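Observations on chain architecture
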Amino acid sequence: MPWCNAGGVVRRCVIVDDNERFLAAARSSLERGGLEVVATATTTTDALEKIDALKPDVVLVDIALGAESGLDLVRRIVEATPSGPHVVLISTHREEDVAELVSASPAAGFVWKADLSARAVRDVVAAGE
């Protein structure tokens, strides 16, 4: 089945972060805002498997994934699924601190973790289209 994102609607989400507490808080916040968090992942391997199996509309990826790189994961997602999900980088660092990294990546954009909400994710995706 092809990736489905009719009209840019963002409904289904995967969150990739190495912090379990953040994953729980983010899931709750995003679901209250109307996004269905279909999975969370803490590693690159787990994320790629879940993205392939679940075909989300958007994937939120922490720039720093412990010993792994969220930036590398973004590149792998886009290479593996060029017409696949929108990818949005997230971080505890403010956008101005990571702006060069974000602009050099194939991600649709960036959301600071303190501002993470379903609306913020939808706004980034819409701006990237």
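Values in this document were obtained by computation on a predicted structure and should not be read as measured data.

Spatial strand order, β2-β1-β3-β6-β7: 5 strands in an open sheet with parallel pairing. Each of the sheet's edge strands pairs with one partner strand only, and the pair in question is β2 (36-41) and β7 (109-112). On average, each strand axis in the sheet is tilted by 25° relative to the strand beside it, whichever way the strands run. Alignment of strand β1 (residues 12-16) against strand β3 (residues 58-62), held across 4 bridges, turns out to be parallel.

Under the criterion given, the structure shown has 6 salt bridges. We note a salt bridge from Asp52 to Lys55, for which the minimum N-O separation is 3.5 Å. With its nearest N and O atoms 3.2 Å apart, the salt bridge here joins Asp72 to Arg75. Of the two residues, Asp72 and Arg75 both sit in helix α3 (residues 70-80), 3 residues apart, roughly one turn of that helix. Overall, the relative accessible area of 44% leaves Asp72 in the partly exposed class. When salt bridges that share partners are traced, they join Asp17, Asp62 and Lys113 into one network.

Attention shifts here to the UniProt feature "domain: Response regulatory" (unreviewed entry) in the chain. Per the UniProt annotation, the sites labelled "domain: Response regulatory" (unreviewed entry) are residues 12-128. Between the end C-alpha atoms of residues 12-128 the distance is 17 Å, and the span holds 48% helix and 26% strand.

A few words now on the UniProt feature "modified residue: 4-aspartylphosphate" (unreviewed entry) in the chain. In this structure's numbering, the residues bearing the UniProt feature "modified residue: 4-aspartylphosphate" (unreviewed entry) are Asp62. The exposure class assigned to Asp62 is buried, which follows from its relative accessible area of 6%. For Asp62, the contacting residues outside a window of four places in its chain are Val16, Asp17, Asp18, Gly70, Ile90, Ser91 and Lys113.

About the thresholds
- Residues numbered from 1 in each chain as written.
- Predicted model: local features only at pLDDT ≥ 70, side-chain atom pairs only at ≥ 80, totals over all residues.
- Heavy atoms only, no water.
- Pairing = 2+ DSSP bridges.
- Helix = DSSP H or I, 4+ residues; strand = E, 2+ residues; numbered from the N terminus.
- Axes fitted to C-alpha atoms, helices over the stretch in contact; angles between N-to-C directions.
- Salt bridge = Lys/Arg side-chain N within 4 Å of Asp/Glu carboxyl O.
- Buried < 20%, exposed > 50% of the residue type's maximum accessible area, 1.4 Å probe, protein only.
- UniProt positions renumbered as here; feature names shortened; annotations may be inferred.
- Contact = heavy atoms within 4.5 Å.

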